[in-house]
Amino acid sequence: MVERLREHYGIRDRRVLDVMLTLPRHLFVPEALESRAYGDHALPIAANQTISQPFIVARMTELLELEGTERVLEIGAGSGYQTAVLAKLAAQVYAIERIAELARQAQARIRSLDIHNATVKCFDGTLGWSAHAPYDRILVAAGAPEVPEPLLTQLKVGGCLVIPVGDTRESQHLVRAIRTEDNYEFEDHGACAFVPLIGHYGWSPESKG
Ligand code: SAH
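The structure displayed is predicted, hence computed values, not measured ones.

### Some thoughts on the overall build of the protein chain
Thought 1: Helix and strand counts for the protein chain come out as six helices and nine strands.
Thought 2: Against the globule reference of 17 Å for 209 residues, the protein chain gives a C-alpha radius of gyration of 16 Å, in line with a compact fold.
Thought 3: With 209 residues in all, the protein chain has 51% of them scored as buried.
Thought 4: Intrachain contacts of the protein chain at a sequence separation of at least 6 include 54% that bridge at least 24 residues.
Thought 5: Only carbon and sulfur atoms are counted for the fraction: they give 50% of the accessible area of the protein chain, which is about 9600 Å².

### A look at the site of the ligand
Thought 1: Inspection of the region around the ligand gives 25 residues, with S52, S79, E97, G125 and I198 positioned closest.
Thought 2: Within the side chain of S79, an N or O atom sits 2.7 Å from an oxygen atom of the ligand.
Thought 3: Interatomic distance of 3.1 Å between a backbone N/O atom of R98 and a nitrogen atom of the ligand.
Thought 4: Residues that form the shell around the ligand fall into these classes: 13 nonpolar, nine polar and three charged.

Thresholds, definitions, all that
Residues numbered from 1 in each chain as written. Predicted model: local features only at pLDDT ≥ 70, side-chain atom pairs only at ≥ 80, totals over all residues. Heavy atoms only, no water. Helix = DSSP H or I, 4+ residues; strand = E, 2+ residues; numbered from the N terminus. Rg over C-alpha atoms; globule rule 2.2 N^0.38 Å. Buried < 20%, exposed > 50% of the residue type's maximum accessible area, 1.4 Å probe, protein only. Contact = heavy atoms within 4.5 Å. Areas by Shrake-Rupley, 256 points an atom, 1.4 Å probe, with all protein chains shown as cover. Near = heavy atom within 4 Å. Polar contact = N/O pair within 3.5 Å; in protein donor to acceptor, adjacent residues only side chain to side chain. Nonpolar A, V, L, I, M, F, W, Y, C, P; charged D, E, K, R; others polar.

Shown next, in the form of structure tokens:
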């Protein structure tokens, strides 16, 4: 899996590759799919959600350019795999998941791996998590109609946010927003497809787009 990330997808951040080499991804997927855990694809998890494709986890993490000292906010913890990757590369991870069952399972998996610098809570992540703001980095793992305002506000100057943004619920572009002294810079990092970000500053639960 990791060789493919390096050779085929051109992931260059050595620390990201090393963490993904050692982290047991099969512990984050349903038992029946364990044999496919190291394949190059997203997989279904509970509650109709997905564990992201390894490439997209690697790419988003690489875009955050983590050095180990950062406080990171993650929206859409899902299985907790991305949360665990971030916890290995940053100082502290605050993760939010809107589905209670997934949040509980993600937190339990992370603890079982002896990772103690990541907390998973259940609520609407489009509001951010003001108690621990501002953040050096923010990663959103679900597709948004636009960048939620509270997340931009909770980002430190000099910090960055990576988020899939798209006009429909089905497809997005990976956007990196960097907060400068008095503004934000936005970069486009290519097409991607995530499950929708549902919440106050995301998609509504019913509407189709
Ligand atoms: N990186 C995760 C991806 C999970 S899929 C993994 O690899 O397992 C995206 C997740 O975002 C889903 O679990 C979904 O329930 C969650 N989500 C969607 N909208 C959300 C919101 N407003 N706040 C928190 N989580 C949200």
